[in-house]
Amino acid sequence: MLRLIATRVLSTIPVMGVVALIVFFMLRLSGDPAAILAGDTASSEQVEKIRVSLGLTKPLYEQFFGWVVQLLRFDLGTSLFTGLPVTTLIAQRIEPTAMLALTTIIFSVCVAVPMGVLAAWKSGGWIDRLVMVICVLGFSVPVFVMGYFLIFNFAITLRWFPVQGYTSPFVDFGRFLTQITLPTITLSFIYVALIARITRASVIEVLGEDYIRTARAKGQIEAKVLFRHALKNAAVPIVTVIGLGVALLIGGVVVTESVYNIPGLGRLVVDAITRRDYPIIQGLILFFALIYIVLNLIIDIIYTLVDPRIRY
Amino acid sequence: MSISRRELMAGAAALTGGLALPGSQAALAQAAPRGTLRVIPHAALTTLDPVATTGYIVRNHGYMVWDTLFAQDEQLAVKPQMASGVEVSADKLTYRITLRDGLAWHDDTEVTSADCVPSLVRWGQADGMGRRLFTYIDSVTTDGPKVIVIKLKRPYGLVLESIGKLSTNVPFMMPKRFAEKAVTDRLGADDMMGSGPFRWNKAEYRPGARVVYERNAKYVPRSEPASNASGGKVVHLDRVEWVNFPDPNTALNALVSGEVDYYEQVPADLLPIVSRAPGVKVANFNPLGNLGMGRFNSLVAPTNNPGVRRAIAKAINQSELLKVAIGNPEFYKTCASVYPCGTTFENTSGSDLVSKSSLDEARAMLRASGYNGEKIVLLATTDIPVQSAMAQYTADVLKRIGMNVDAQAMDWATVLQRRTSKNPVDQGGWNMFFTWWEGADLLDPVIQFALSGLGEQGAWVGWSKDDELEKLRTAYAESGSVAEQKAIAAQVQARAFEQSFSIYTGMFYVPTGFRENVSGILNAPPFFWNIKKS
């Protein structure tokens, strides 16, 4: 296990290097932010002065190595627009995104896994068909449509929840719950569909195995057969899809954060791209890449826990 | 930490799928606490230096934190603001501006003339009108802690109009240590030290998401009633929070549900919904309106040919374009003047070009210009609906008069960058783009940057070069009476239409939505003094 972790940590270095290289040069192809900083009425000379002051007139290789040196000092740089360190901006925005991702995963797993197991147990019956309809809806309905639907019904019409905003659970837990509920359901819809379908397929496959027949022959109750024997043996693909889901969430939160006005990382990166704020975009993409790598490592470790046959 | 049983039940039940909560219909929406005005501004505040940057959102931020020596009232007359008054010498070469009593920076130190001098100098490097003013200035000095002395090389009629200008770049007064920074060395979050009616709350600043201002309890307002940017800036709120909403629908929902109090610019397509919403009012607080503008690149073919530019101007029908771009006629009007209609210098000189559009005449003018099918590159903004519609309409019109149009779709950030290129169109250059200005930025020949004829030596992008235009603008700046100014402004307009460096596409208004318990909003840019929330 330790060898796995050590190997993965070491392999992170070249991966991050390649990501850094691609991000840096692709961003430079998209133009620079000097004209945006200068504003609508700036003359070409003013734009050029800003370009010089930002170091954007230096050769690309010089800019790249300057950035790499910064990275080696664990410094992601400073936003060209706000003048604040990228790490500060990430620190300001990470909590809403992390909380939304966490509640989404918890909600999705708590709803989707039982749904999938039930559908598998009653395969071909009305419960199965109902679950499949929900799954098709989950895959088909865009996140923003679901968001507006929930806002209209539960925030505007019934007034059960606020329309928008985010409050830290460490500041006001009650307000956090009311504000995070609709975004969580909105974002969860697709993950519920994904996880429920995979769970159903895996459990159906396992339910045909001899050891399930044996468990039933021994007179074990159906719930125990389903959740202890079948689900446990069907866990590997489920864990995989949950892990992938967490990774996909990073992209999914962008829309949800916009619809519910949650000041998270998704909005930070979109705003930075719009303004060509290089240091933020570069820093965030590296940060996201790191999260992907760590998540994959965690999934690999979980494999060994749910299936003792897996060894690295 | 506080949590009510109802909140906990609502949140927890919904998280577990049990959305039906009997008895929980009471509004859980988080209404703003009393004394806090929650505002949806028209854009996110990310850069903070109102002197170095021209964005309207940064200007509005500037009016919260800083103050000005002079300011314009609703009639656009220049009135003392931080100044108690001004003495002008008989030869009109010396201006002695005296600071009024009670002015203090937010760190409680006194505002002195030694702060104001570098503030004026810094602004004079950044702003077009400021640069022009400083070509007339011999020296700006202090005479004791309260008096600023401006000495001119020769008389200039727009000294107070310049340092009292309403819109970007506004000459805000800053402490000396910040005012002495180079313009390219922009002020950051640690430098928001002003003497204005609100204090900057750095701890709660979330760039792109949230800005918080608190009442400056030590601010001494003038005794006159508030009028536009002048008069008593009396603050009736404890806090003003600017919350940025990337999605207009969510912004609308937040206003309707009472989670925010003030939506600065309600998009035209959402107005019918906002107008019907209970507890919400809609009104236009910007009587000067906004003016759409198409800008030509005068350096590269075919728009380096005035005949081609005039033909395009003749082809654009303001009514059609405004209908496409704005939609509701209640919120737009045609305006065949280079100055905002309804303001002092509106006139009809040369305006037939704009007011009597004709595709047939445009085709004839195009033929007469010698146009020979050269490609015209139109930078078509996609992410700002008004500009996008203007570009799409124009691309169609240009095709109909027989031009070879290449409408290149791109976001505004890319337009801003592409338009700095002076290359020919086949090397990444451009011929035309659309934008819009607040009326306050187009009021007269000098303040209107688009009328500059300085070419590559200081004109706006497009590099309009015309000595005659510059001569007229200088004459305007040095003229002595309003009657004389009006006559020259009309000549400037006639020359501007003749050269057609820009196309004027008419006026439009973007109304503000606000909760009905909010009162005292000024007919001005979004200023937050004078506003009460009951």
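Everything numeric in this text was worked out from a predicted model, so none of it was measured.

Definitions and cut-offs
- Residue numbers run consecutively from 1 along every chain, following the written order of its sequence.
- For naming, the first written chain is A and the first written ligand is 1, with later ones following in the order written.
- In view of the model being predicted, local features appear only for residues whose pLDDT reaches at least 70, and side-chain atom pairs are presented and counted only at 80 or more, with totals across whole chains, interfaces and linings using the full set of residues.
- By convention here, the domain bounds are inherited from an automatic or database domain assignment.
- Here the contact rule is simple: place C-beta atoms from the backbone, and any two residues whose C-beta atoms are within 7 Å are in contact.
- Put simply, DSSP H or I for four residues or longer makes a helix, DSSP E for two residues or longer makes a strand, and each gets a number counted from the N terminus.
- The criterion for strand pairing is that DSSP finds at least two bridges linking the strands in question.
- Throughout, an axis means a line fitted to C-alpha atoms (over the contacting stretch in the case of helices), and angles, computed between N-to-C directions, take values from 0 to 180 degrees.
- The term nonpolar core means buried Ala, Val, Leu, Ile, Met, Phe, Trp, Tyr and Cys residues held together as one set by C-beta atoms within 7 Å.
- In this scheme the burial state of a residue depends on its C-beta neighbours within 10 Å: 20 or more other such atoms mean buried, 12 or fewer mean exposed, and anything in between means partly exposed; the C-beta positions come from the backbone.
- For this scheme, ten residues count as nonpolar: Ala, Val, Leu, Ile, Met, Phe, Trp, Tyr, Cys and Pro. Four count as charged, namely Asp, Glu, Lys and Arg, and the remainder, Gly too, count as polar.
- Convention used here: angles under 35 degrees read as roughly parallel, angles over 145 as roughly antiparallel, angles from 65 to 115 as roughly perpendicular, and any remaining angle as oblique.
- By definition, any crossing whose near helix is turned counterclockwise from its far helix by less than a right angle is left-handed, and any crossing with a clockwise turn is right-handed.

**A look at the domain arrangement of chain A**
Interface size is commonly expressed as the accessible area that is lost once the parts come together.
Residue and element names in this part refer to chain A.
Part 1 of the argument: Entries for chain A in the domain assignment read domain 1 (19-72) and domain 2 (93-306).
Part 2 of the argument: The C-alpha centroid of domain 2 is placed 38 Å from the C-alpha centroid of domain 1.
Part 3 of the argument: If you look at the interface, domain 1 gives 11 residues, while domain 2 gives 9 residues.
Part 4 of the argument: A total of 5 residues in the side of domain 1 that touches domain 2 trace back to one element, the largest contributor, which is helix α1 (residues 2-29).

**A word on the sheet that holds strand β5 (residues 83-88) of chain B**
Residues and elements named next belong to chain B.
Part 1 of the argument: Pairing within the open sheet is antiparallel, and its 4 strands lie in the order β5-β6-β8-β7. For this open sheet the edge positions go to β5 and β7 (137-142), each flanked by a neighbour on one side alone. In this sheet, neighbouring strand axes are inclined to one another by 15 degrees on average, regardless of whether the strands run parallel or antiparallel.
Part 2 of the argument: Across 5 bridges, β5 lies against strand β6 (residues 94-99) in antiparallel orientation. Pairing of E87 across the sheet is with R96, part of β6.
Part 3 of the argument: Across the face of the sheet, helix α3 (residues 113-126) comes into contact with β6, β7 and β8 (147-152) while running at roughly 155 degrees to β7.

**Details of the nonpolar core**
Part 1 of the argument: Membership of the largest hydrophobic core comes to 241 residues, with the highest contact counts inside it found for I195 and A196 of chain A together with L255 of chain B.
Part 2 of the argument: Counting residues per element, this core draws most heavily on helix α8 (residues 173-207) of chain A, which supplies 17 residues.
Part 3 of the argument: Counting contributing residues, this core receives three or more from each of domain 1 (19-72) and domain 2 (93-306) of chain A.
Part 4 of the argument: Among residues more than four places away in sequence, those in contact with L255 of chain B are V260, Y263, V274, V280 and G513 of chain B.

**Here we look at the interface of chain A and chain B**
Part 1 of the argument: Taken together, the contact pairs 57 residues of chain A with 57 residues of chain B.
Part 2 of the argument: For the side of chain A that touches chain B, the secondary-structure elements that each account for two or more residues are α2 (34-38), α3 (44-53), α5 (86-121), α7 (143-157), α8, α11 (235-259) and α12 (265-275) of chain A.
Part 3 of the argument: Counting residues per element, the side of chain A that touches chain B draws most heavily on α8 of chain A, at 8 residues.
Part 4 of the argument: Here the residues of the side of chain A that touches chain B are counted per class, giving 28 nonpolar, 19 polar and 10 charged.

**Thoughts on the packing of α5 of chain A against helix α13 (residues 278-306) of chain A**
Residue and element names in this part refer to chain A.
Part 1 of the argument: At a minimum axis distance of 10 Å, the contact between α5 and α13 shows a crossing angle of 60 degrees. With respect to each other, α5 and α13 are oriented oblique. Like other packed secondary-structure pairs, α5 and α13 cross with a definite hand, here right-handed. Seen from α5, the contacting residues are V86, L89 and I90; seen from α13, they are P279, I280, G283, L284 and F287.
Part 2 of the argument: The class makeup of the residues in the contact of α5 with α13 is 7 nonpolar, 1 polar and no charged.

**Quick word on the packing of α11 of chain A against α13 of chain A**
All names here are of chain A.
Part 1 of the argument: Remark: α11 packs on α13, axes separated minimally by 10 Å, with the N-to-C direction vectors making an angle of 165 degrees. On the basis of the axis angle, α11 is roughly antiparallel to α13. Where α11 crosses over α13, the two elements pack in a sense that is right-handed. On α13, the residues that touch A235, V236, V239, T240, G243, V246, A247 and I250 of α11 are F288, I291, Y292, L295, I299, I302, Y303 and V306.
Part 2 of the argument: Considering only residue class, the contact of α11 with α13 consists of 14 nonpolar, 2 polar and no charged.

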